[in-house]
Amino acid sequence: MKAFVAGATGQTGRHIVTELVKRNISVRALVRNLELARQILPSEVELVKGNVLFADTLTEAIADCDVVVCATGAKPSLNALEPYLVDYIGTKNLVNAAKVKNIQHLAIVSSLCVSKLFHPLNLFWLVLFWKKQAEQYLQNSGLTYTIVRPGGLLNHEKQGGLAMSGADTLFEGSIPRTKVAQVTVEALFEDTAKNKLVEIVTKADTPDRPIAELFAKVA
Ligand SMILES: NC(=O)c1ccc[n+]([C@@H]2O[C@H](COP(=O)([O-])OP(=O)(O)OC[C@H]3O[C@@H](n4cnc5c(N)ncnc54)[C@H](OP(=O)(O)O)[C@@H]3O)[C@@H](O)[C@H]2O)c1
């Protein structure tokens, strides 16, 4: 397996890359800033400078990879088009390129509450709405996919086990980015994660179960 990771220098993307490397998976990372990538990503990772908005360049960027992970996301900005461009058009471009390249599995990091139009986060230029459009594009693409919708992302560990359930069942909670990375990478290895959309948070009162077991339980 060789994995192409978009958003690899992001706060979650870098953990996804590390998790893949831990499993001895070769990684080709799409990054906008090569210098930053060299500083924060493991040295064995192949770097390719690019941007998910440059649709024509993505098939070449994916090169010989056979799975794709998308951990991109718009950063809060005054540009009202940013979530539309990054979270929808960018992901759509990646899905199209993955189709051309006959990619075996595409996993994306989305978000809880994307189905809630009247959610405060949509005040950030409809970011949840555009993430949902991207999810639907992927689901209708014919590619094998896993959509991971995490709760609020944490840069520190948190006590408690992983709670995983199906679409539009969790509406609050948080989860360490390291855990999101583990779930997203595990999805690439599990038949039971194929063509599934899961929502994840960690909860103090939930016992920790193997990720594979949790995927199997989600319809
Ligand atoms: N924050 C939360 O609590 C939360 C909760 C649920 C879901 N999410 C979602 O989870 C995902 C990961 O979140 P995060 O906080 O880890 O993200 P992040 O640190 O903001 O990283 C986003 C990544 O996307 C990349 N990116 C943005 N525009 C791009 C473009 N046009 N082409 C290529 N790459 C581009 C960024 O590149 P650079 O490194 O070059 O800037 C960065 O690597 C996002 O989709 C986010 O919306 C966040």
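The name given to the protein in an unreviewed UniProt entry is Epimerase, with the source organism recorded as Pseudanabaena frigida.

*Asks:* Got a minute to help me understand the UniProt feature "domain: Semialdehyde dehydrogenase NAD-binding" (unreviewed entry) in the protein in this structure?
*Replies:* Under the feature "domain: Semialdehyde dehydrogenase NAD-binding" (unreviewed entry), the UniProt entry names residues 2-103. The span residues 2-103 shows a helical share of 40% and a strand share of 19%, and its end C-alpha atoms are spaced 10 Å apart.

*Asks:* Please clarify how the pairing of strand β5 (residues 105-109) should be interpreted in this entry.
*Replies:* As a general feature of sheets, a regular strand has side chains that alternate between the two faces. When you tally the buried positions in β5, you get 5 out of 5 residues, the bulk of the element. Two elements, strand β4 (residues 67-70) and β5, share 4 bridges in a ladder whose sense is parallel. Across the sheet, Val68 pairs through a bridge with Leu106, a residue of β5. Read as a crossover between parallel neighbours, the route from β4 over helix α4 (residues 82-100) to β5 is right-handed. Summarising the sheet, β5 and strand β6 (residues 145-150) pair through 4 bridges and their orientation is parallel. Within the sheet, the bridge partner assigned to Ala107 lies in β6 and is Thr146.

*Asks:* Sorry if this is basic, but what is going on with the site of the ligand here?
*Replies:* As a structural note, the neighbourhood of the ligand is formed by 24 residues, with Gly10, Gln11, Thr12, Gly73 and Ser111 the closest of them. Within the residue set of the shell around the ligand, elements represented by two or more residues are α4 and β7 (152-154). Class assignment of the residues belonging to the shell around the ligand gives a composition of 8 nonpolar, 13 polar and 3 charged.

*Asks:* Honestly, helix α5 (residues 127-139) in this entry has me stumped. Any pointers?
*Replies:* Side chains three or four residues apart in an α-helix point the same way, a direct result of the helix having 3.6 residues per turn. In this model α5 runs 18 Å from its N-terminal to its C-terminal C-alpha over 13 residues, within 8% of the 18 Å that 1.5 Å per residue would give. Residues of α5 that are buried: Val127, Leu128, Trp130, Lys131, Lys132, Ala134, Glu135 and Leu138. Among the structural elements, α4, β5, β6 and β10 (196-203) are those in contact with the buried residues of α5.

*Asks:* Quick question: what am I supposed to make of the packing of helix α1 (residues 13-22) against helix α6 (residues 177-187) here?
*Replies:* Helix-helix packing: each pair is described by the crossing angle between the helix axes and the interaxial distance. Relative orientation of the contacting elements α1 and α6 amounts to 50 degrees, with a least axis distance of 8 Å. Our classification of the angle between α1 and α6 gives oblique. Viewed along their axes, α1 and α6 form a crossing whose handedness is right-handed. Contact residues: His15, Ile16, Glu19 and Leu20 in α1; Arg177, Thr178, Ala181, Gln182, Thr184 and Val185 in α6. Across the contact of α1 with α6, the residue classes tally to 4 nonpolar, 4 polar and 2 charged.

*Asks:* I would appreciate a short explanation of the nonpolar core in the present structure.
*Replies:* Most often, soluble globular proteins have nonpolar side chains that are buried together. One finds Val5, Ala29, Val68, Leu106 and Val148 to be the most contacted residues of the largest nonpolar core, which totals 66 residues. Ranked by residue count, the leading element in this core is α4, at 6 residues. Contact partners of Val148, with chain neighbours within four places excluded, come to Ala107, Ile108, Val109, Ser110, Val180, Val183, Thr184, Ala187, Val198 and Ile200.

*Asks:* Before we go on, may I ask you to explain the packing of α4 against α5 in this structure?
*Replies:* As a packed pair, α4 and α5 sit with axes 8 Å apart at the nearest point and diverge in direction by 10 degrees. Considered as vectors, α4 and α5 are oriented roughly parallel to each other. For the pair α4 and α5, the contacting residues are Pro83, Tyr84, Asp87, Tyr88, Thr91, Lys92 and Val95 in the first and Val127, Trp130, Lys131, Gln133, Ala134, Tyr137 and Leu138 in the second. When grouped by side-chain class, the residues that make up the contact of α4 with α5 number 9 nonpolar, 2 polar and 3 charged.

*Asks:* Honestly, α4 in this entry has me stumped. Any pointers?
*Replies:* With 19 residues, α4 ought to run about 27 Å at 1.5 Å a step, and its terminal C-alpha atoms sit 26 Å apart, in line with that. At Ile89, α4 shows its maximal bend, which comes to roughly 25 degrees. Regarding α4, the residues found buried are Pro83, Val86, Asp87, Tyr88, Gly90, Thr91, Asn93, Leu94, Val95, Ala97 and Ala98. Summarising the contacts, the buried residues of α4 are in contact with β1 (2-6), α3 (58-62), β4, β5 and α5. Backbone geometry just downstream of α4 places Asn102 in the positive-phi region, at approximately 55 degrees.

About the thresholds
- Residues numbered from 1 in each chain as written.
- Predicted model: local features only at pLDDT ≥ 70, side-chain atom pairs only at ≥ 80, totals over all residues.
- UniProt positions renumbered as here; feature names shortened; annotations may be inferred.
- Helix = DSSP H or I, 4+ residues; strand = E, 2+ residues; numbered from the N terminus.
- Buried ≥ 20, exposed ≤ 12 C-beta atoms within 10 Å, placed from the backbone.
- Pairing = 2+ DSSP bridges.
- Right-handed = clockwise from strand over helix to strand, strands pointing away.
- Near = placed C-beta within 6 Å.
- Nonpolar A, V, L, I, M, F, W, Y, C, P; charged D, E, K, R; others polar.
- Expected span 1.5 Å × (residues − 1).
- Contact = placed C-beta atoms within 7 Å.
- Axes fitted to C-alpha atoms, helices over the stretch in contact; angles between N-to-C directions.
- Parallel < 35°, antiparallel > 145°, perpendicular 65-115°, else oblique.
- Left-handed = near helix turned anticlockwise from the far one by under 90°.
- Core = buried A, V, L, I, M, F, W, Y, C linked by C-beta atoms within 7 Å.
- Bend = angle between axes of the 7 residues up to and from the residue.

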